[in-house]
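# Coordinates in review
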Amino acid sequence: MFDSSSHAGSFPEQFRVKPGSSFRMDRIDPSATPGIDDKDRAREELAGLTKRLIHRQQLLYADNRQALLVVLQAMDTGGKDGTIRKVFGPLNPQGVRVCSFKSPSSEELAHDFLWRIHANVPRKGMIRIFNRSHYEDVLVVRVHNLVPTEEVELRYSQINEFEHYLSQNGITILKFCLHIGKDEQKRRLESRLERPEKNWKFSSADLAERQHWGEYQLAYQKALGACSTPWAPWHVIPSDHKWHRDYCVARIVLEKLESMDLKFPDPQPGLDQIIIGD
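Residues numbered from 1 in each chain as written. Predicted model: local features only at pLDDT ≥ 70, side-chain atom pairs only at ≥ 80, totals over all residues. Heavy atoms only, no water.

The five strands are arranged S2-S3-S1-S4-S5 in an open sheet whose pairing can be described as parallel. Each of the sheet's edge strands pairs with one partner strand only, and the pair in question is strand S2 (96-100) and strand S5 (234-238). The mean inter-strand angle of the sheet, taken between neighbouring strand axes irrespective of direction, is 20°. Note: strand S1 (residues 67-74) against strand S3 (residues 127-131), five bridges, orientation parallel. Opposite Leu68, over in S3, you have Ile127 as the bridge partner. Lying on the sheet, helix H6 (residues 149-168) is in contact with S1 and strand S4 (171-179); it crosses S4 at an angle near 135°. (Pairing = 2+ DSSP bridges. Helix = DSSP H or I, 4+ residues; strand = E, 2+ residues; numbered from the N terminus. Axes fitted to C-alpha atoms, helices over the stretch in contact; angles between N-to-C directions. Contact = heavy atoms within 4.5 Å.)

The following block contains the structure:
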């Protein structure tokens, strides 16, 4: 089970939900800073991680044999947009795409719940970031009783099988739950009200969902425990501190990219014989 106080093993293992464990959301302190506890050092090291990410993304794109899918889930104000901007913003936009999943359209509702997800998985050479994802279909629907409980239970195994299929077809999957506390969410919502440049981000729907905080924590606990697998692990990132969130996500993504067998394609023969005229 995830243990935010543990420093054993590799860096990602501090945050990974172990497959088959009795995962407990309430045992994770969202204000903790495992892995690095100095804000200035984290920001300094993030700059170095970013340079390496840029190189590995270029290599992934050129290699064109594999892809990376990054799933971001969080409560409202949890920092999905900020993570995308800080961690993936510096990368070459030719090789990165962001897909934000809203409430399903009538066309999407006419298909199985994974239909719209499969249509947006990354092609070879690409990084695709899901801002919310297919996990909405075991989170929101569970909290608001939109489908029968037995159907939600079935979806966990369907998700695992779907992600396994993707992994067998060259798509590496990393899933991040950006975990914030209820008090921190209140501060972030108040900031959206107090700062004119953030007013547009405020939605009264966020307040309605906030009333279901405890139910969402249990829904996340169930989903992460049921769907953290060796081929598509969940990582729970304590995210009250944005600098800690950005550093951890960047480092875990980089370590995964650096573990992938990537190489630049062989150049066409005879390049050493080419003379470019004036």
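Phi is positive for Arg132, close to 70°, though the residue is something other than glycine. Structurally, Arg132 can be placed in the loop between S3 and helix H5 (136-143).

So, on to the confidence of the model for the protein. The predicted model of the protein averages 93 in pLDDT, with 97% of residues at 70 or higher. This model gives residues 1-8 a pLDDT under 50, and the stretch forms 21 contacts once residues within four places in sequence are excluded. (pLDDT = per-residue confidence, 0-100.)

Attention shifts here to helix H1 (residues 39-63). Over its 25 residues, H1 runs 35 Å from end to end, which matches the ideal 36 Å to within 8%, given 1.5 Å per residue. Every buried residue of H1 is listed here: Ala42, Leu46, Leu49, Thr50, Leu53, Arg56, Gln57, Leu59, Leu60 and Asp63. Of the surrounding elements, those touching the buried residues of H1 are S1, helix H2 (80-88), S2, S3 and helix H10 (242-259). At the N-terminal end of H1, a side-chain oxygen is found 3.3 Å from the backbone nitrogen of Asp40, two or three residues along, and the residue is Asp38. (Expected span 1.5 Å × (residues − 1). Buried < 20%, exposed > 50% of the residue type's maximum accessible area, 1.4 Å probe, protein only. Polar contact = N/O pair within 3.5 Å; in protein donor to acceptor, adjacent residues only side chain to side chain.)

The next point concerns the environment of Pro34. Tracing the backbone through its elements, the reader meets Pro34 in the segment before H1. Residue class for Pro34 comes out buried when judged on its relative accessible area of 4%. Put simply, Pro34 and Pro238 are 204 residues apart on the chain and 8.2 Å apart in space, counted from C-alpha to C-alpha.

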